[in-house]
Number of protein chains: 2
Amino acid sequence: MYQLYGDEFQDNQSSDKKDMSRLLKLARTFNCFHLSDLQNKEYYPFVVNRVQVGLIRSDILKFLLQYPDVFQFQSNHVLLNPALKNYVDRSKSVDAVLRDLRSQKVLSTLKGWRDENFEVRATYSTENLLKMDRSATCLFGICNYGVDINGYTNDPKKGLCIWLQKRSRTKQRWPGKWDNMVGGGLSCGYSILETAFKEAEEEASIPNELMLKLKSCGSVSFFFENEQGLFPNTEFVFDLELPPDFIPKNKDGEVEEFELLSAQDALDRTFSSEFKTTSCPVLIDFLIRHGFIRPDTEPHYPEIVELLHVSLQSVYGKIINSPVSEENGSTGDT
Amino acid sequence: MYQLYGDEFQDNQSSDKKDMSRLLKLARTFNCFHLSDLQNKEYYPFVVNRVQVGLIRSDILKFLLQYPDVFQFQSNHVLLNPALKNYVDRSKSVDAVLRDLRSQKVLSTLKGWRDENFEVRATYSTENLLKMDRSATCLFGICNYGVDINGYTNDPKKGLCIWLQKRSRTKQRWPGKWDNMVGGGLSCGYSILETAFKEAEEEASIPNELMLKLKSCGSVSFFFENEQGLFPNTEFVFDLELPPDFIPKNKDGEVEEFELLSAQDALDRTFSSEFKTTSCPVLIDFLIRHGFIRPDTEPHYPEIVELLHVSLQSVYGKIINSPVSEENGSTGDT
């Protein structure tokens, strides 16, 4: 059903993969959930207020259906009970279910409860329907949004150099793995720029005067899956050229160390199991935008660029009328 | 079946489009062929050597089926006759058909015969199967590849400024429309970099010493359709910062004039009917990468970025066994 990082990464013996570049393999690893799998019977649309906002795997569904006042299964769709008519009611009910499941210790991702909420909506530009602890969004296949800052210098000798952080070993997800200099999820109540400034301060002590050079450079989107759940992910990408004498310092205890690497060393590190798989897209996009990964040397260049920008925004948002109207009359929320 | 530029662009009256940003509308215009339409019965896979390399619309198919020695219709697939076993034979046979159709004056796109060939292959990294005059590739829905150079300056007063070209009024396609400073299709025998240098010289007289600053910055991909045919397109994107006193000069007669615009003026121009629709992705990508279009001011930012990088490389390349094995035994080309 899904490929774990290590399995997929080491499976290069089959003949149709023999000429696949390392970068293409990596791009397929962080997109190991294939959008074509949406037709797979093991996944069910998650519908809130008649709009698809996520995707639920059958191994997770069985736990949710223990709470029929909150989750309903109709015509192969999982509905948040339409009687929960507003943001507050929906958020409270789902939170109660998740806290109960957490106490049962049946879903490993809930061990990493964060006390930090993410907004749930169909696509980035549509209304917030409820909020949910960020540890739980992968159970519902809900799109996560985050911010990443590529801190770099142009060294007279080494050329383009990139700051990377090593995540603290106490982090719930990807402990001790290498990661981009600064990154964080978009929590409830914080805008993209507020998140960028907050994380730059907390993770790397970047003073505001240096942040004046922060440059918005695009976004990457990819769909990762592991044993914990589904991770459709969009990262808003920023570049920040840093003075050669600036050294990031962590404040919040979430970073073990920072290291400044040449572009080649940073690229090589993405291929190691020591790099957080879901942070590779931001670094690869950076190396492409800065001309380090080029189409004259990477034969799969266009496919890799496409795999850095998969169409997540078109996956969800569909109006789901049939399961409700067929079996439940109306949501009462028109 | 398809939306022309003007129709789609002016259709903003329906309620679900009322809050769609101008940029999102434009991104949907240059992606007016929706990949979901692949299931549409009006389109048939074009198969060469058992691999899908294109897509043929029913209004075009009827002309091709006048040549049963070259094109065969089996199980809703259009096959290049498997008896044509190599690159040279395939190229010659298709060329003869196209020249005959051109003489009949039944397909308007062939009026623009270029005497310039594009390679036909399933995906960018797979083998060349035949070559075809570039005026004809839209009849077969074959992926085109091109190169674009964003020429820009950083003006002390105006900030980021971009050179645009106005296409000659004598051009077959998009005559007199505004376009990126330098661009050209990847013709047979030219690499990406060779094409960039050739076009920079011919279109804008950019000296080699300035081209030393040419920077590879990614690629855009989109799927456009108009009355002439299908245009799945991938452009390799380069940025070139130019000195403030450099003025591009055309040599090959294909450019009417150049103009240096502020980022805002350039963006505004993409919304006008005076801009070549299929050149908008490169300019919008440039304005995103340079921080002019930002997620804090453009609510549909992630969707727009995704629409600049649609998954063309995964559309084609499928091994098609069934139509051949069911009805024709074998291609004889294994």
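Just so you know, these numbers come straight off a predicted model, no measurement behind them.

Let's talk about the nonpolar core
Move 1: If you look at the biggest cluster of nonpolar residues, it comprises 140 residues, and the most contacted ones within it are Ile-149, Ile-206 and Ile-284 of chain A together with Ile-149, Ile-206 and Ile-284 of chain B.
Move 2: The residues contacting Ile-284 of chain A, other than those within four sequence positions of it, are Leu-23, Leu-26, Phe-30, Ile-293, Ile-304 and Leu-308 of chain A.

Here we look at the confidence of the model for chain A
Fine structural detail should not be taken from predicted coordinates in areas where pLDDT scores are low.
All names here are of chain A.
Move 1: In the predicted model, chain A carries a mean pLDDT of 90, and 88% of its residues have values of at least 70.
Move 2: The model gives residues 1-18 a pLDDT under 50, and that stretch makes 30 contacts with residues more than four places away or in other chains.
Move 3: Scored below 50 in pLDDT, residues 324-334 makes 21 contacts in the model with residues more than four places away or belonging to other chains.

Concerning the packing of helix α7 (residues 263-270) of chain A against helix α8 (residues 280-289) of chain A
All names here are of chain A.
Move 1: Two elements in contact, α7 and α8, have axes whose closest approach is 10 Å; the angle formed by their N-to-C orientations is 150°. Here α7 and α8 pass one another in a crossing that is left-handed. Contact residues: α7 offers Ala-263, Ala-266, Leu-267 and Thr-270, while α8 offers Cys-280, Leu-283 and Leu-287.
Move 2: Here the residues of the contact of α7 with α8 are counted per class, giving 6 nonpolar, 1 polar and no charged.

So, the relation of the copies chain B and chain A
Move 1: Each copy superposes on the other: chain B lies on chain A with an RMSD of 0.0 Å after a rotation of 180° and an axial shift of 0.0 Å. With respect to symmetry, the two chain copies, as superposed, fit the operation of a two-fold axis. Closest approach to the rotation axis within chain B is made by the C-alpha atom of His-309 of chain B, at a distance of 3.1 Å.
Move 2: A share of 100% of the interface residues of chain B reappears at the interface of chain A, consistent with the copies meeting face to face through the same patch.

Remarks on the environment of Gly-229 of chain B
Residues and elements named next belong to chain B.
Move 1: Tracing the backbone shows Gly-229 in strand β12 (residues 229-241).
Move 2: Note on Gly-229: relative accessible area 1%, which makes it buried.
Move 3: Placed 174 residues apart in sequence, Gly-229 and Leu-55 show a C-alpha to C-alpha distance of 9.8 Å.
Move 4: With residues up to four places along the chain from it excluded, the contact list for Gly-229 reads Arg-57, Ile-60, Cys-138 and Phe-224.

Looking at the interface of chain B and chain A
Move 1: Between chain B and chain A, the residue contacts involve 33 residues of the former and 33 residues of the latter.
Move 2: Of all residues in chain B, the largest losses of buried area upon contact with chain A belong to Ser-216, Pro-302 and Glu-306 of chain B, amounting jointly to 21% of the total for that side.
Move 3: Our enumeration of links across chain B and chain A arrives at 12 residue pairs in polar contact (both at pLDDT 80 or more).
Move 4: Only α5 (192-204), β11 (215-226), β12, α8 (280-289) and α9 (301-307) of chain B provide two or more residues apiece to the side of chain B that touches chain A.
Move 5: It is β11 of chain B that contributes the most residues to the side of chain B that touches chain A, 6 residues altogether.
Move 6: Looking at the side of chain B that touches chain A residue by residue, the class counts come to 14 nonpolar, 13 polar and 6 charged.

A look at the pairing of β11 of chain B
Residue and element names in this part refer to chain B.
Move 1: Where burial is concerned, most of β11 is hidden: 11 out of the 12 residues are buried.
Move 2: Here β11 runs beside β12; their pairing, made up of 11 bridges, is antiparallel. Pairing of Phe-224 across the sheet is with Phe-231, part of β12.

Overview of the sheet that holds strand β4 (residues 77-80) of chain B
Residue and element names in this part refer to chain B.
Move 1: With respect to topology, 4 strands assemble into an open sheet ordered β2-β1-β4-β3, the strand pairing being mixed. Because the sheet does not close on itself, it has two edges, and the strands there are β2 (51-57) and β3 (71-74). Across this sheet, the average inter-strand angle for adjacent strands is 30°, counted without regard to direction.
Move 2: Strand direction decides the pairing type here: strand β1 (residues 43-48) and β4, joined by 2 bridges, are parallel. Residue pairing for β4: Val-47 is matched across the bridge by Leu-79.

Looking at the packing of aromatic side chains
Move 1: Throughout the structure, instances matching the rule amount to 28 aromatic pairs over all chains.
Move 2: Note on Tyr-44 of chain A and Phe-73 of chain A: the rings are 5.1 Å apart at their centroids and 90° apart in plane angle, and the pair reads as edge-to-face. Residue Tyr-44 of chain A is located in strand β1 (residues 43-48), and its partner Phe-73 of chain A is located in strand β3 (residues 71-74); the two are separated by 29 residues in the primary sequence.
Move 3: Arranged with centres 6.1 Å apart and planes meeting at 40°, the rings of Phe-236 of chain A and Tyr-301 of chain B form a pair that is tilted.

A word on unusual backbone geometry
Move 1: With a phi angle near 70°, Arg-50 of chain A is a residue other than glycine that sits in the positive phi range.
Move 2: The topology assignment puts Arg-50 of chain A in the loop between β1 and β2 (51-57).
Move 3: Among the residues examined, Arg-50 of chain A registers a relative accessible area of 26% and is labelled partly exposed.
Move 4: With phi around 50°, Trp-174 of chain B is a residue other than glycine that occupies positive phi space.
Move 5: Along the chain, Trp-174 of chain B falls in the loop between β8 (159-167) and β9 (178-180).

Considering the environment of Glu-227 of chain A
Move 1: Within the secondary structure, Glu-227 of chain A sits in the loop between β11 (215-226) and β12 (229-241).
Move 2: Along the sequence, Glu-227 of chain A and Thr-109 of chain A sit 118 residues apart, while their C-alpha atoms lie 9.3 Å from each other.

Things to note about the sheet that holds β2 of chain A
All names here are of chain A.
Move 1: One open sheet accounts for 4 strands, arranged β2-β1-β4-β3; its pairing is mixed. Where the open sheet ends on each side, the last strands, each with one partner, are β2 and β3. Geometrically, the sheet is characterised by an average inter-axis angle of 30° between neighbouring strands, direction not taken into account.

Let's talk about the environment of Tyr-67 of chain B
Move 1: Examined against the element boundaries, Tyr-67 of chain B turns out to sit in the loop between α3 (58-64) and β3.
Move 2: Along the backbone, Tyr-67 of chain B and Val-97 of chain B are 30 residues apart, and their C-alpha atoms lie at a distance of 7.2 Å.

Rules used throughout
- Residues numbered from 1 in each chain as written.
- Chains lettered and ligands numbered in written order.
- Predicted model: local features only at pLDDT ≥ 70, side-chain atom pairs only at ≥ 80, totals over all residues.
- Heavy atoms only, no water.
- Core = buried A, V, L, I, M, F, W, Y, C linked by side-chain atoms within 4.5 Å.
- Buried < 20%, exposed > 50% of the residue type's maximum accessible area, 1.4 Å probe, protein only.
- Contact = heavy atoms within 4.5 Å.
- pLDDT = per-residue confidence, 0-100.
- Axes fitted to C-alpha atoms, helices over the stretch in contact; angles between N-to-C directions.
- Helix = DSSP H or I, 4+ residues; strand = E, 2+ residues; numbered from the N terminus.
- Left-handed = near helix turned anticlockwise from the far one by under 90°.
- Nonpolar A, V, L, I, M, F, W, Y, C, P; charged D, E, K, R; others polar.
- Least-squares fit on C-alpha atoms with pLDDT ≥ 70 in both.
- Buried area = accessible area lost by both parts, 1.4 Å probe.
- Polar contact = N/O pair within 3.5 Å; in protein donor to acceptor, adjacent residues only side chain to side chain.
- Pairing = 2+ DSSP bridges.
- Phe/Tyr/Trp six-rings, centres within 6.5 Å; stacked < 30°, edge-to-face > 60°.

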